[in-house]
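A structural walkthrough
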Amino acid sequence: MSNDILDDPMDTGAPSSGPLVASGESSSSSGAGGAEETIPAVVRFLEHHVVEKIPALLTRSEEKRDKENFDEVYDLTVTEPAVDVETIGCNYDGNAFFLRARFIAKHCSALKADAYIALINYLKENTKDTTHYVAFFNELEQELGSKKEYKVNFQIPVKDTKWVDETSASWQVALDNLQIEYKRHKDEGVKESTRRAMEDLFRHFLVAGKTEEAIRLYSRGIRDYCTQLKHSINMWMNWIEVSICGNDWGKLESITSTAFRSLKDADDAEKNNQQQQRGENATYLVDQSAPMTSPSNRQLIETALAKCQAAQVILKLRNHRYSDVLETVLVIKTECLDSKWYVTSSDLGIYSVLCAMATLGRTNLKKLVGGSDGNGTIRKLLESEPLFFDMLTCYVASRFGRCFEIMNSVKNRLLLDPFISRNVNELFSKIRQKCVVQYLQPYSTIKMDTMCQALGTTISELQTTIVELAEEKNVQLRIDQNAGIIRMVDTTDESATLRKVNDTCDRAINRAQSLVWKAALASGNIHSISDKESRQKRKNQKDRPDRSAFDEDMSGVDDFNVFEAQQQENQRLYDELGDI
């Protein structure tokens, strides 16, 4: 094999000045000139094989990280246009709209083009995120090119390469300046200046869509540079929002728990300060019209607590802790939550209704619907979503057919919600199982056709649900598939039933005897009063100088001393007369 066939890793592509030199000749001719010629060759190799490939490597790394962040491995395809992209743009703002519109574009084939157009327009008008701008344009061109006929509700934009180049260059120059300023302030050791520099750099990363760099920057000890309450609150809220946007759920869990404790401590301290100020104002007659900073701090704390608890709701949904989701939603002050945040008050109402239907019993659900539990919070949250409140009402009223009809109509819409999409099938399965169990309770034998008509489902779906319930041992039944009949298996213990009947009969006999004794006492003009009533009566009549003879006679019959000769069993019956 000749040497010409081998690939030389140091070859830069330039033609050689002469034939190949043997190893002996090269060693004899080594010197200063050879060393000078080797250094440029190494530089040319690095420029050709390393430096030119760095942008491609970085791009592939960003694409891989981006896919991991936005859960593109999630296998979901919705073919119906269950939501309106324009409505999503009106209800959500900033990164919340970006997150939801991107999720719709990835998982809804009918709305992919509209979602990408809305995202492209949003990125160009409000951000400097050229990476996603170019990626979304490529996806849009691929989507429009793969279909001969397509229908979009927005005007198809034109790719602005000039804007991409200018924005990328200006952003990089600003990044270098901000990094230099941040390093200078950090070396000087001034906390306030360092915090401001970190905040500027954080917003600069965020406006370009680089969430990981923003999270990494905050992880360098931003808390050490926050010297005021509003700085700490702003830091916690930024950290929570960027963690949600980047799908960094592990970091978000630790941040929300720490932030909630800090905010609760600040809330308690603020309440104590307000009480002290009220006392000083009352004592020294301080002017009430003087401006105070406490109300603004109070408002900041309440808004931050609402956002922190809403982020905890998202985390609990991902961890399938449905009972905790309902408890958290009921204590959130939704009036303090931003109307266009990642989750709105309507979203929280929908999440809580589904979790309540999947976990709570019928009695607690009735309280939830009536407003006696949670002070009508669920009803207030669902003012703009009457369909979900109707679903809850139908479930409580055992109108399961209408309930299942509403569930099927809103399922695709819920699947396109990035925060509850993975829980929809599980929640619907739990709700369906509870409906089937509740429907089967009063029957011993029932036809499956009749049950399917009442529940608004098919035979196959009903059989699947019943088999799941039987495997989980929630019901005891037998299915006669040939006859289409379900027979319930009676597992009641006869001895336990007999004991319950005997106890009930004993209580009825005791009550009847008590009523007989009370009638006998009434016929003998003897009235019974409880010991508590007699003590209160004696206390009220203590200061009266004259007492009637009737009161003096009745003061001795509090404990029915006239029946002391009776048996112990009858004495127990006398003691119960005061409660009847």
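Remember, predicted model here, so these are calculated numbers, not experimental data.

So, the overall build of the chain
Within the chain, the secondary structure is distributed over 26 helices and three strands. Here the chain, with 580 residues, has 37% of them falling under the buried criterion. Residue pairs in contact within the chain that sit at least 24 positions apart in sequence constitute 68% of those at least 6 positions apart. Carbon and sulfur atoms make up 49% of the accessible area of the chain, which totals about 34,100 Å².

Let's talk about the environment of cysteine 245
Inspection of the secondary structure puts cysteine 245 in helix H11 (residues 229-245). Between the C-alpha atom of cysteine 245 and that of phenylalanine 98, which follows or precedes it by 147 residues, the distance is 8.7 Å.

A few points about the pattern of salt bridges
Scanning all chains against the criterion turns up 20 salt bridges. Taken together, the salt bridges that share partners define one network made up of Asp267, Arg298, Glu302 and Lys333.

Observations regarding the packing of aromatic side chains
Counted by the stated rule, this structure contains 12 aromatic pairs. Look at phenylalanine 97 and tyrosine 122: their rings are 5.6 Å apart centre to centre, the planes differ by 70°, and that puts the pair in the edge-to-face class. Of this pair, phenylalanine 97 sits in helix H5 (residues 95-107) while tyrosine 122 sits in helix H6 (residues 112-126); the two residues are 25 residues apart in sequence, bridging distant segments of the chain. Side by side, phenylalanine 97 and tyrosine 122 carry an identical accessibility label, which is buried. Ring centres 6.0 Å apart and planes at 40° place the aromatic pair phenylalanine 98 and phenylalanine 136 in the tilted group.

Points about unusual backbone geometry
The backbone of histidine 320 shows a phi angle near 60°, a positive value even though the residue is not glycine. With respect to the secondary-structure elements, histidine 320 resides in the loop between helix H13 (294-318) and helix H14 (322-331). The class of histidine 320 is partly exposed, set by a relative accessible area of 39%. Residue asparagine 525 is not a glycine yet carries a positive backbone phi of 60°. Inspection of the secondary structure puts asparagine 525 in the loop between helix H23 (494-523) and helix H24 (531-540).

Some points on the pairing of strand S3 (residues 485-488)
Where strand S1 (residues 445-447) meets S3, three bridges bridge the pair, whose relative direction is antiparallel. Paired with threonine 445 across the strands is arginine 487, a residue of S3. By the bridge criterion, four bridges tie strand S2 (residues 477-480) to S3 in an arrangement that is antiparallel. Across the sheet, residue aspartate 480 finds its bridge partner in S3, namely isoleucine 485. Linkage of S2 to S3, two consecutive antiparallel strands, is achieved through a turn of four residues, within which glycine 484 is found at a positive phi near 70°.

Observations concerning the environment of leucine 382
When you line up the elements, leucine 382 lands in the loop between helix H17 (377-381) and helix H18 (386-396). With 32 residues separating them in the primary sequence, leucine 382 and isoleucine 350 have C-alpha atoms 7.3 Å apart. Leucine 382 has contacts with Gly349, Ile350, Val353, Phe388 and Phe389, leaving out every residue within four places of it along the chain.

Comments concerning the packing of H18 against helix H19 (residues 400-415)
Running from N to C, H18 and H19 cross one another at 145°; their axes reach a closest spacing of 8 Å. Along this stretch, H18 crosses H19, giving a crossing that reads as left-handed. Between H18 and H19, the contacting residues are Leu387, Phe388, Asp390, Met391, Cys394 and Tyr395 on the first element and Phe400, Arg402, Cys403, Ile406, Met407, Ser409, Val410, Arg413 and Leu414 on the second. In terms of residue class, the contact of H18 with H19 is built from 11 nonpolar, one polar and three charged.

What to know about the side chain of threonine 130
Tracing the sequence through the fold places threonine 130 in helix H7 (residues 130-145). Polar side-chain contacts of threonine 130 include one of 3.2 Å to the side chain of serine 168.

Describing H11
Over its 17 residues, H11 extends 25 Å from the first C-alpha to the last, a length consistent with the 24 Å expected when each residue adds 1.5 Å. Looking only at H11, the buried set comprises His231, Ile233, Met235, Trp236, Met237, Asn238, Trp239, Ile240, Val242, Ser243, Ile244 and Cys245. Immediately downstream of H11, the backbone of asparagine 247 shows phi near 55°, a positive value.

Focus on the sheet that holds S3
Taken in spatial order, the three strands of this open sheet run S1-S3-S2, and their pairing is antiparallel. Looking at which strands have only one partner, the edges of the open sheet turn out to be S1 and S2. Adjacent strand axes in the sheet meet at a mean angle of 20° when their direction is disregarded.

Section: the packing of H14 against helix H15 (residues 345-359)
One can describe the packing of H14 onto H15 by two numbers: an axis separation of 8 Å at closest approach and a directional angle of 135°. Between H14 and H15, the angle is such that the two are oblique. Considering how the two elements wind past one another, H14 and H15 form a crossing that is left-handed. In this structure, H14 uses Tyr322, Ser323, Val325, Leu326 and Val329 to contact H15, whose residues at the interface are Leu348, Ser352, Cys355, Ala356 and Thr359. Taken together, the residues of the contact of H14 with H15 break down into seven nonpolar, three polar and no charged.

Let's talk about helix H21 (residues 448-455)
Each turn of an α-helix holds 3.6 residues, which means side chains three or four residues apart point in the same direction. Those residues of H21 that sit buried are Met448, Met451, Cys452 and Leu455. The buried side chains of H21 occupy one side of the element, clustering within an arc of 100° when seen end-on. Seen from the open side of H21, the exposed residues pointing more than 90 degrees away from its buried face are Asp449 and Gln453. For H21, the secondary structure elements touched by its buried residues are H19, helix H20 (424-440), S1, helix H22 (459-471), S2 and S3. Positive backbone phi, at 65°, marks glycine 456, one or two positions downstream of H21.

Reading the values: the criteria
Residues numbered from 1 in each chain as written. Predicted model: local features only at pLDDT ≥ 70, side-chain atom pairs only at ≥ 80, totals over all residues. Heavy atoms only, no water. Helix = DSSP H or I, 4+ residues; strand = E, 2+ residues; numbered from the N terminus. Buried < 20%, exposed > 50% of the residue type's maximum accessible area, 1.4 Å probe, protein only. Contact = heavy atoms within 4.5 Å. Areas by Shrake-Rupley, 256 points an atom, 1.4 Å probe, with all protein chains shown as cover. Salt bridge = Lys/Arg side-chain N within 4 Å of Asp/Glu carboxyl O. Phe/Tyr/Trp six-rings, centres within 6.5 Å; stacked < 30°, edge-to-face > 60°. Pairing = 2+ DSSP bridges. Axes fitted to C-alpha atoms, helices over the stretch in contact; angles between N-to-C directions. Left-handed = near helix turned anticlockwise from the far one by under 90°. Nonpolar A, V, L, I, M, F, W, Y, C, P; charged D, E, K, R; others polar. Polar contact = N/O pair within 3.5 Å; in protein donor to acceptor, adjacent residues only side chain to side chain. Expected span 1.5 Å × (residues − 1). Parallel < 35°, antiparallel > 145°, perpendicular 65-115°, else oblique. Arc of directions from axis to C-beta.

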